[in-house]
Amino acid sequence: VGAFVGLLNGLIVTVFSIDPFIVTLGTASVILGAVDWYTKGLAIVQGIPKNLLEFGSSNQLGVPSIVYVLVVVAAVVYYLLEQTPYGRNLHAIGSNKAAARLVGIRVERDIRTAFVLSGAFAGLAGVLLLAHSGAGNPQVGQSFTLTAIAAAFLGAASFKLGRLNVLGTLVAIFFLAVNITGLTFAGVSNWISEVFTGLSLVLAVAFATVLSRPRRYKAAKDAHV
């Protein structure tokens, strides 16, 4: 289902040339409405496979089993982005779409594939969240949206400056999680955690944008040459 939603988003973006952020924001709202209708706003606790729940609560060598899935997925994404022609194509498209098209990269196809992979990984994350929490909460996904975006841009501002990357994103995820959890344990009001996440997002995007300017200028200069 996640891969299908990703394919749908990719088709809308490439066929109608609509901004990806607007498309994903719109489809997310539609899906949330459909889920709320299906669940009637209630968490699903029945019919969840027992093996899935056992996996979500189990530990291997003192480490939660879910962490091993994270490591495997991170390694796969890292290899895909850094060691394959497809990954280099995506970086080229992100730097300068017009230049990428001029050198023969099938931009629309690669964008659609990226959406499919992103949707599939999002679906996997949902299954793991279900396994860990033991219930399907129809509203839980919304709380992760801003945190995920902030982590991606914080990673771009700390590792491989100005470029989204796997290692930086992982470090940023744990940074945000530790700080938000620490604020919760400290007993502060919920609005403080929201403010912290929002400020992290704004600062991360600002730093990533500033740091990426030299890279974009170089890509545009190379394309002109």
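Structure's up top.
Quick summary incoming for the structure in this document. (Residues numbered from 1 in each chain as written. Predicted model: local features only at pLDDT ≥ 70, side-chain atom pairs only at ≥ 80, totals over all residues. Heavy atoms only, no water.)

1. Quick word on the packing of aromatic side chains
Note the threshold: Two aromatic rings from Phe, Tyr or Trp, using only the six-membered ring of Trp, form a pair when their centres are within 6.5 Å; if the ring planes differ by under 30 degrees the pair is stacked, by over 60 it is edge-to-face, and anything between is tilted. Each helix corresponds to a stretch of at least 4 residues labelled H or I by DSSP, and each strand to a stretch of at least 2 residues labelled E; elements are numbered beginning at the N terminus. Burial classes: relative accessible area under 20% of the type maximum marks a residue as buried, over 50% as exposed, and values in between as partly exposed (1.4 Å probe, protein chains only).
Tallied over the full model, the rule gives one aromatic pair. A ring pair is formed by phenylalanine 175 and phenylalanine 196, whose centres lie 6.4 Å apart and whose planes are at 45 degrees; its orientation type is tilted. You can see phenylalanine 175 sitting in helix 9 (residues 166–185) and its partner phenylalanine 196 sitting in helix 10 (residues 190–224), a full 21 residues away along the chain. Take phenylalanine 196: its relative accessible area is 22%, and that puts it in the partly exposed class.

2. Here's the deal with the pattern of salt bridges
The following threshold applies: Here, a salt bridge means any side-chain nitrogen of Lys or Arg that lies within 4 Å of a carboxyl oxygen of Asp or Glu.
Considering all chains together, one arrives at two salt bridges under this definition. The closest approach of N and O atoms between glutamate 108 and arginine 101, which form a salt bridge, is 2.6 Å. Judged by its relative accessible area of 30%, glutamate 108 is partly exposed. For arginine 101, a relative accessible area of 41% translates into the label partly exposed. The partner of arginine 109 in a salt bridge is aspartate 110, and the shortest N-O contact between them spans 3.4 Å. By relative accessible area, which is 2% here, aspartate 110 ends up buried.

3. Some points on helix 1 (residues 2–16)
Quick reminder of the rule: For a helix, the expected span equals 1.5 Å multiplied by the residue count minus one. This arc describes the spread of directions from the helix axis toward the C-beta atoms. By definition, residues are in contact when any of their heavy atoms lie within 4.5 Å.
Here helix 1 is 15 residues long and its end C-alpha atoms lie 21 Å apart, about the 21 Å a rise of 1.5 Å per residue gives. Within the span of helix 1, buried status applies to Gly6, Asn9, Gly10, Val13 and Thr14. The buried residues of helix 1 all sit within an arc of 120 degrees when viewed along its axis, so they share a single face. Helix 1 presents Phe4, Val15 and Phe16 as exposed residues on the side facing more than 90 degrees away from its buried surface. Looking at the buried side of helix 1, the elements it contacts are helix 2 (20–39) and helix 7 (107–133). Phi turns positive, to about 55 degrees, at serine 17, one or two residues after helix 1.

4. With respect to the environment of glycine 136
Inspection of the secondary structure assignment puts glycine 136 in the loop between helix 7 and helix 8 (142–158). Measuring from C-alpha to C-alpha, the distance between glycine 136 and isoleucine 48 comes to 8.8 Å, with 88 residues separating the pair along the chain. Not counting the four nearest positions on each side in its chain, glycine 136 is found in contact with Leu42, Ala43, Ile44, Ile48 and Leu130.

5. Some details on a nonpolar patch on the surface
Rules: Within this analysis, patches are made of residues with over 30% relative accessible area and no salt bridge. Like charges are joined at 9 Å or less; nonpolar side chains (Val, Leu, Ile, Met, Phe, Trp, Tyr) at 5 Å or less. Per-residue and other accessible areas were derived by the Shrake-Rupley procedure at a 1.4 Å probe size, with only the shown protein chains allowed to occlude residues.
Judged by side-chain polarity, Leu7, Leu11, Val15, Phe16, Ile18, Phe21, Ile22 and Leu25 come together as a nonpolar surface patch covering roughly 760 Å² of accessible area. In terms of residue count, helix 1 provides more of the nonpolar patch than any other element does, four residues in total. With respect to the helices and strands, the residue leucine 11 is situated in helix 1.

6. Focus: the side chain of glutamate 82
Within the secondary structure, glutamate 82 sits in helix 4 (residues 65–83). In contact with glutamate 82, other than residues within four places in its own chain, are Arg88, His91, Lys160 and Arg163.

7. So, unusual backbone geometry
The backbone of serine 17 sits at a positive phi, close to 55 degrees, despite the residue not being glycine. Position of serine 17 among the secondary structure elements: in the loop between helix 1 and helix 2. A positive phi angle is found at lysine 40, which is not glycine, with a value near 60 degrees. On the secondary structure map, lysine 40 appears in the loop between helix 2 and helix 3 (50–57). Looking at lysine 40, the relative accessible area reads 69%, which means it is exposed.

8. Let's talk about the nonpolar core
Short version of the rule: Residues grouped as a nonpolar core are buried Ala, Val, Leu, Ile, Met, Phe, Trp, Tyr and Cys residues, joined through side-chain atoms within 4.5 Å.
In this structure, Val13, Val23, Ile93, Ala100, Ile105, Val107, Ile111 and Phe115 together form the largest nonpolar core, which totals eight residues. With three residues, the top contributor of residues to this core is helix 7. Grouped together as the second largest cluster of nonpolar side chains are five residues, Ala151, Ala172, Leu176 and Leu201 included.

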